[in-house]
Protein chains: 2
Amino acid sequence: MFKVLDRASELERNGKTIFHLELGSPKNYPPGRIINKTIQSLLETKVGYTSPAGLPDLRQRIASYISNTYPFVTVKNVAISTANLLIFQLLDMLCDPGDRVALFLPAFPTYFAACNYTQMRIKSVVLDSNKGFILRKKDIDRAFESKPKLIFVNSANNPSGAVYDENVLEYLIDKAKRHRSWVISDETYASLAYKKEFFSMLNFSYERLAVISSFSKIYSVPGFRVGYAIAHESVIEKLSLSSSTLYSCLPIFTQEGLVQGVSIFDEFSDFMKKKYRITCRQCEQILKKAKRISFTVPDSAFYIFVNIGKLGLSDIQFSNRLLDTHGVAVTPGSSFGCPEYIRIAFCGDTKELKIGLNKLVYFVNNLT
Amino acid sequence: MFKVLDRASELERNGKTIFHLELGSPKNYPPGRIINKTIQSLLETKVGYTSPAGLPDLRQRIASYISNTYPFVTVKNVAISTANLLIFQLLDMLCDPGDRVALFLPAFPTYFAACNYTQMRIKSVVLDSNKGFILRKKDIDRAFESKPKLIFVNSANNPSGAVYDENVLEYLIDKAKRHRSWVISDETYASLAYKKEFFSMLNFSYERLAVISSFSKIYSVPGFRVGYAIAHESVIEKLSLSSSTLYSCLPIFTQEGLVQGVSIFDEFSDFMKKKYRITCRQCEQILKKAKRISFTVPDSAFYIFVNIGKLGLSDIQFSNRLLDTHGVAVTPGSSFGCPEYIRIAFCGDTKELKIGLNKLVYFVNNLT
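Residues numbered from 1 in each chain as written. Chains lettered and ligands numbered in written order. Predicted model: local features only at pLDDT ≥ 70, side-chain atom pairs only at ≥ 80, totals over all residues. Heavy atoms only, no water.

(A) Region of interest: the pairing of strand 8 (residues 227-230) of chain B. Residue and element names in this part refer to chain B. By the alternation rule, side chains of strand 8 split into Gly227 and Ala229 and Tyr228 and Ile230, which are all buried. When strand 2 (residues 78-81) meets strand 8, the two strands line up antiparallel, connected through four bridges. Looking at the pairing, valine 78 lines up with isoleucine 230 of strand 8. (Buried < 20%, exposed > 50% of the residue type's maximum accessible area, 1.4 Å probe, protein only. Helix = DSSP H or I, 4+ residues; strand = E, 2+ residues; numbered from the N terminus. Pairing = 2+ DSSP bridges.)

(B) View of the sheet that holds strand 12 (residues 331-332) of chain B. Residues and elements named next belong to chain B. Read across the sheet, four strands follow the order 9-10-13-12 without closing on themselves; strand pairing throughout is antiparallel. Two strands in the sheet have a free side with no partner beyond their single neighbour: strand 9 (294-295) and strand 12. Relative to strand 13 (residues 341-345), strand 12 runs antiparallel, the two being bridged by two bridges. If you follow threonine 331 over to strand 13, its bridge partner there is arginine 343.

(C) Representation of the relation of the copies chain B and chain A. Rotating chain B by 180° and moving it 0.0 Å along the rotation axis overlays it on chain A with an RMSD of 0.0 Å. On this basis, the relationship between the two copies can be described by a two-fold rotation axis. Within chain B, the C-alpha atom positioned nearest to the axis of rotation is that of isoleucine 39 of chain B, 2.9 Å from it. Interface residue correspondence from chain B to chain A reaches 100%, placing this contact among same-surface, isologous pairings. (Least-squares fit on C-alpha atoms with pLDDT ≥ 70 in both. Contact = heavy atoms within 4.5 Å.)

(D) Representation of the packing of helix 4 (residues 83-94) of chain B against helix 5 (residues 109-117) of chain B in the model. Residue and element names in this part refer to chain B. For the pair helix 4 and helix 5, interaxial distance at closest approach is 9 Å and the crossing angle is 40°. When the axes of helix 4 and helix 5 are compared, the pair comes out oblique. Relative to helix 5, the crossing made by helix 4 is right-handed. Residues Asn84, Ile87, Phe88 and Leu91 of helix 4 touch helix 5, and the partners they reach there are Thr110, Tyr111, Ala114, Cys115 and Tyr117. A per-class count over the contact of helix 4 with helix 5 returns seven nonpolar, two polar and no charged. (Axes fitted to C-alpha atoms, helices over the stretch in contact; angles between N-to-C directions. Parallel < 35°, antiparallel > 145°, perpendicular 65-115°, else oblique. Left-handed = near helix turned anticlockwise from the far one by under 90°. Nonpolar A, V, L, I, M, F, W, Y, C, P; charged D, E, K, R; others polar.)

(E) Layout of the interface of chain B and chain A. Of the residues lining the interface, 49 residues belong to chain B; the matching set on chain A comes to 49 residues. Across the chain B/chain A interface, buried area totals approximately 4100 Å², and carbon plus sulfur atoms make up 67% of it. Where chain B packs against chain A, one counts zero salt bridges. Counting across the chain B and chain A interface gives 20 residue pairs in polar contact (both at pLDDT 80 or more). Those elements giving two or more residues to the side of chain B that touches chain A turn out to be helix 1 (2-13), helix 2 (32-43), helix 4, helix 5, helix 8 (233-247) and helix 9 (252-262) of chain B. Tallied by class, residues from the side of chain B that touches chain A come to 26 nonpolar, 18 polar and five charged. (Buried area = accessible area lost by both parts, 1.4 Å probe. Salt bridge = Lys/Arg side-chain N within 4 Å of Asp/Glu carboxyl O. Polar contact = N/O pair within 3.5 Å; in protein donor to acceptor, adjacent residues only side chain to side chain.)

(F) Spatial organisation of the sheet that holds strand 7 (residues 209-214) of chain B. All names here are of chain B. Here seven strands make up an open sheet; going across it, the order is 2-8-7-6-5-3-4 and the pairing mixed. Of all the strands in the sheet, the pair left with one neighbour each is strand 2 and strand 4 (121-126). Pairwise comparison of adjacent strand axes, ignoring direction, gives a mean angle of 20° for this sheet. Bridge analysis of strand 7 against strand 8 gives four bridges, and the strand direction is antiparallel. Within the sheet, the bridge partner assigned to valine 211 lies in strand 8 and is isoleucine 230. Helix 6 (residues 137-145) contacts strand 3 (100-105), strand 4 and strand 5 (150-153) of the sheet and is inclined by roughly 160° relative to strand 4.

(G) Region of the structure containing the pattern of salt bridges. Residues and elements named next belong to chain A. What the rule picks out here adds up to 21 salt bridges over all chains. Ionic pairing is found between lysine 46 and glutamate 256, a salt bridge with its closest N-O pair at 3.3 Å. Here lysine 46 is found in the loop between helix 2 (32-43) and helix 3 (56-67), whereas its partner glutamate 256 is found in helix 9 (residues 252-262), with 210 residues between them in sequence. For aspartate 57, the salt bridge is made with arginine 61, and the minimal N-O distance between the two is 3.4 Å. Residue aspartate 57 and its partner arginine 61 are located together in helix 3, separated by four residues, close to a single helical turn. With relative accessibility at 35%, the residue aspartate 57 sits in the partly exposed group. Classification of arginine 61 as partly exposed rests on a relative accessible area of 37%. One network of salt bridges, in which partners are shared, links Glu44, Lys46 and Glu256.

Printed below as a string of C-alpha cells:
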C-alpha cells in the first residue's frame, strides 16, 4: 500500500502535481490542544523513556473513558502501542507459526502482511459485494470451518466502510468461544460511524478477545503512531513485555499530547462524523457520473471501495495509469484481497479531493 | 531493564525521592534546533505518514554525512527505524528460528530479548573483566566455534564502555567472511568515545554487515525513538518492507527535527564527549571511596559497570535494597548477562547523580 505513496511522492518531488486519494491519512486540522500539549512537552524536554505499556496517565485516561460504558475495564486492561504494530504483536504472541488465522475480504493489508511475517496460514472468506460487504452468519460459519486459532474482525471496516450487526457479532463470539479461538477486533474506525450505529465487541465478555484502536483517524494524527489495545490483564502484561523488547516505549510527548484528546473524544467524534458524512455525499455525487463502476456508500469513516471490474483493466493497471496520466493516486484493491476494486480515501484536502475525483471520472469515462 | 524504571517510577508517584542512575536516558538539553524544528513541523501539521524507509530528506542527510568518510554509502544503504527495533528486525530477517547467534558478555539486554523473541539459540562468550571487558581474538575464536549465523558486536560497548581495537575487529570480520556469518555492529555509542579512538566496522567491505546507530544518545533525545541502519541495498529494502508491515513509518516531525541534528553532528559530538569525560572523572572520584567494589573506567559514553561480587548480595538484592533504603535506582548486571555487577548511568542530572553515587557509596560501606 505504501508503494503507491512512495511512487506518488517521487513523482511529486519531480514536479508533478499529485492528487492524493490513496492513503487514510486525514488532512484535517488536529485538535489544537493535542498539538499544543505535544509542543509544551517538547519545550519541557520530555524526551526520555517512559513505560513500555504506555504513559501511565494516558493508560489511565483511556481506561476511565472506556469504563464509562464498560465498567470492567481498568488501567490493567489497557496497553499503548502503535495500532499497526499491535496487530503483529498480538498475532505473534497468541499464535504459533503454521496456525490458521481467519479473516474476511476485503481486509486491511496489515492483516495479510502480519500473518505472512509471522508465518500463519490465512483462511480468507470473501464477503458479498452485492450486500455492501456486510458480515453475515454464513460467512462466519465458513471462517470457522478452518478451526482458526485467531480471527480478525474489522467493523467499522477499512476499506468497505461497513458496520457489522450486533446479532452477527454475537454469533461470531459464540462460535469463537466454542472453538476457543482468539478474536482481534480492530475498532479503529468505530468513532467515525455516521450512517449506522456502531456496536463494539467490548460488549461481549470473552477473555480471548483483544480490541485495538488508534488515535490516528479520529484526531487526524496518523503520524503520531499511537494506538491502544483493550484486553485481559494477562494479554496486556505480555504486550507490555513485547513492546519493551521490540522498541522500549513510545515517545512521552506524543502520548502527553493525546491525553488532552481523550477528554474531547465524544464531541470531536460527533464533529468529525458530521464532516465525513457531508464529504461522503459530495464524493457520491461526483462518482455517480462515472460509467461502468459501482460502489456501496460507506456506513463509516472515509473510504469508498469502488468496483472497476467492468473496465477491462486490472486494479494495478488502473491505479498506475490514473497516476501517470492524471496524477491521481488511489490504492489498488488487491492490497485488500479484492483485485477488481480500487480504494478512494476522502479524508484529504477537500479541494484536492474534488479535482482528483473529477479527474478519475474523466479517466474512467474516456477509457476505450 | 525497564522493570527497574517502572518500580522506581511507582515509588516516585507515591512520594519517594528517587535518584535515577538506572537508564541511559540522557538528561542534557537536546540541541535547540532539533526541538525547534520538531515543533515547527508540528505547527505546520506534518502529522501524516511518510515512507517506511524513513523521511527521504533524513536518509539523504545521513548518507551524505557518512559518505564523507565512507564514500560507497548512498541513500540506498540507509534505513530509518527505531534502533532497538532494528535489532529485532534484522535478526528476524536474516536468521531462522533455531539459528545460532553469538554475542559477547556483558551485552545490551535487547540482544537477549530479541534472540528469545525470534527463537534463536544464543552462544555467549564472557569477556575478561580483568581486561576491562575488551574484545580479544581468543574471544572471537570461541564465538565462531559455534558457527553462528549472526554475531553481535557492540563497540563502544554498553554497559562496559569498552572500545574495541581495529586489528581485533578485522580479525572478527575475516572470521565472519569465512563462515558467511552476518554481523550486526551496534555503534550507538560510537560518537561518545572520549578515552580511546573509535573504529567503525564500516571500514570493512562486507555485504553481510549491518551497522546500526541512534540519535538518542548523542542528542539526548531517546524519547524520539529514531535510529538508523547502514547496510547493503538488499538488506535496506527488506528492512523497509519490514517497517512497512510492522508500524508503517515513524513520525515526520521527529525525523524533520533530526535532519537539523545531522549538520551539527561533529561539533555536538565533541561537546558531549568533553562533558561526559568530566562527569566520568567525577563519578570515579566518588566511587573510589566505596570498599570492596571495582570497576574499569569506560572509554566512551556514560555507563560504569561495577563489580559488586564481594559484597555478599546478588545484583538483584543489591539493586532492590539500594532502591528501597536510599532511593537510588541502578540496573542489575544480570540484565547484561553478568549477575555480579550493577550498571550505573551517569547521563542524568549531575546534582542528582552525585547525591545518588554518594548514597550508593554509603550503602556499600555500611553493608554488614
